Amino acid sequence: MNRMLASNEGFASRIKHKIYFENFTVDEMGEIFRQLMKKGTAHRYKIEKDAFDLLKQHFAKERRIAGFGNARVVRTAWDSILDVHADRFMRKELGDEYKFVITKDDVAQYVEVRRKQMVEDAGIKKIEGRVVGDGRYFDGMLEKDSWAYHDIGCIDGCGSDGLCYYENVQEM
């Protein structure tokens, strides 16, 4: 909307009042997704907890990109995940007991395709030189505060922010 208004200085001056709406929170996006699952013929669908958690993690990332579309993002996710699920069911990758259950693999396939789209939409074609990772992209700790959490960087070479280094090689 701001780009459209800025495209013609006379146009912006004709609009006296502008209303700004806050973006949906990740939890609200999750609730919209659940509501979509209840509409029409989709009312029989369920989603596994780990699948829903992965989807919400993805929604958190979607909210950070320019042009974020709020409920449109959720609707697109639902339609795409349903397509992935139907394809997997028809290829007999899922048993009959999963006919109406959205799985973590369904969501993961959607997320992988969407991540590639997001990179493409950002205009990134090639990265040359050094890449600097910003751990602020990841939300909070991936593990609980315990000895296992504190040792994760030493054992796996991957800290709690999910940024790997040296292909998980540990220097001593």
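Because the structure is predicted, anything quoted here is derived from the model rather than measured.

Undergrad: Mind showing me how you'd approach the packing of helix H3 (residues 26-38) against helix H4 (residues 49-62) here?
TA: A pair of packed helices can be characterised by two numbers: the angle between their axes and the separation between those axes. Running from amino to carboxyl end, H3 crosses H4 at an angle of 125°, the nearest separation of the two axes being 9 Å. One finds that H3 runs oblique with respect to H4. H4 is crossed by H3, and the crossing has right-handed handedness. Every residue of H4 that contacts H3 at Val26, Asp27, Met29, Gly30, Phe33 and Arg34 is listed here: Phe52, Leu55, Lys56, Phe59 and Ala60.

Undergrad: Hey, could you run me through H4 in this one?
TA: Two residues of an α-helix separated by three or four positions point the same way, owing to the 3.6 residues in each turn. Over its 14 residues, H4 runs 20 Å from end to end, which matches the ideal 20 Å to within 8%, given 1.5 Å per residue. Listed as buried for H4 are Ala51, Phe52, Leu54, Leu55, His58, Phe59, Ala60, Lys61 and Glu62. For H4, the elements touching its buried residues are H3, strand E1 (46-47), helix H5 (71-90), strand E2 (101-102) and helix H6 (104-121).

Undergrad: I'm lost on a nonpolar patch on the surface in this one. Help?
TA: A cluster of nonpolar residues, Met1, Met4, Phe11 and Ile15, forms a patch on the protein surface that exposes about 380 Å² of accessible area. Mapped onto the secondary structure, Met1 falls in the segment before helix H1 (2-6).

Undergrad: Would you mind showing me how to read the pattern of salt bridges here?
TA: It is possible for side chains of opposite charge to pair when their charged atoms get near one another. Taken as a whole, this structure holds 10 salt bridges when the rule is applied. Between Glu93 and Arg88 there is a salt bridge whose closest N-O contact spans 3.2 Å. Here Glu93 falls in the partly exposed class, since its relative accessible area comes to 42%. Arg88 gets classed as buried once you look at its relative accessible area, which sits at 6%. A single network of salt bridges, built from pairs that share partners, joins Arg88, Arg91, Glu93, Asp105 and Asp106.

Undergrad: Sorry, what's going on with the packing of aromatic side chains here?
TA: The geometry of an aromatic ring pair is captured by the separation of the ring centres together with the interplanar angle, meaning the angle of the planes. On inspection of all chains with the given rule, the structure shows three aromatic pairs. Between Phe33 and Trp78, the ring centres sit 5.4 Å apart and the planes meet at 80°, which makes this aromatic pair edge-to-face. Of this pair, Phe33 sits in helix H3 while Trp78 sits in helix H5; the two residues are 45 residues apart in sequence, bridging distant segments of the chain. Taking relative accessible area as the criterion, Phe33 reaches 0% and is therefore assigned buried.

Undergrad: Looking at this model, I keep getting lost on unusual backbone geometry. Mind explaining?
TA: Most of the time, phi is negative for any residue but glycine, and the peptide bond is trans. Of note in this structure, Lys92 is not a glycine but carries a positive phi near 65°. Mapped onto the elements, Lys92 comes out in the loop between H5 and E2.

Undergrad: So what exactly am I meant to see when it comes to the nonpolar core here?
TA: A general trend in soluble globular proteins is that nonpolar side chains are found buried together. Grouped together as the largest cluster of nonpolar side chains are 23 residues, with contacts concentrated most on Phe33, Ile47, Phe59, Ile81 and Val107. For this core, the secondary structure elements donating two or more residues are H3, H4, H5 and H6. The greatest single-element share of this core, amounting to six residues, is contributed by H4. Discounting chain neighbours no more than four positions away, the residues touching Ile81 are Phe33, Leu55, Ile102, Asp106, Val107 and Tyr110.

Undergrad: Even after reading the chapter, I still don't get the side chain of Asp106, so can you show me in this structure?
TA: Its location among the elements puts Asp106 in helix H6. For Asp106, a relative accessible area of 0% translates into the label buried. One polar contact links the side chain of Asp106 to the main-chain amide nitrogen of Thr103, over a distance of 2.8 Å. Setting aside residues no more than four positions away along its own chain, Asp106 makes contact with Ile81, Val84, His85, Arg88, Leu94 and Val101.

About the thresholds
- Residues numbered from 1 in each chain as written.
- Predicted model: local features only at pLDDT ≥ 70, side-chain atom pairs only at ≥ 80, totals over all residues.
- Heavy atoms only, no water.
- Axes fitted to C-alpha atoms, helices over the stretch in contact; angles between N-to-C directions.
- Helix = DSSP H or I, 4+ residues; strand = E, 2+ residues; numbered from the N terminus.
- Parallel < 35°, antiparallel > 145°, perpendicular 65-115°, else oblique.
- Left-handed = near helix turned anticlockwise from the far one by under 90°.
- Contact = heavy atoms within 4.5 Å.
- Expected span 1.5 Å × (residues − 1).
- Buried < 20%, exposed > 50% of the residue type's maximum accessible area, 1.4 Å probe, protein only.
- Patch = residues over 30% accessible without salt bridge, like charges linked within 9 Å, V, L, I, M, F, W, Y side chains within 5 Å.
- Areas by Shrake-Rupley, 256 points an atom, 1.4 Å probe, with all protein chains shown as cover.
- Salt bridge = Lys/Arg side-chain N within 4 Å of Asp/Glu carboxyl O.
- Phe/Tyr/Trp six-rings, centres within 6.5 Å; stacked < 30°, edge-to-face > 60°.
- Core = buried A, V, L, I, M, F, W, Y, C linked by side-chain atoms within 4.5 Å.
- Polar contact = N/O pair within 3.5 Å; in protein donor to acceptor, adjacent residues only side chain to side chain.

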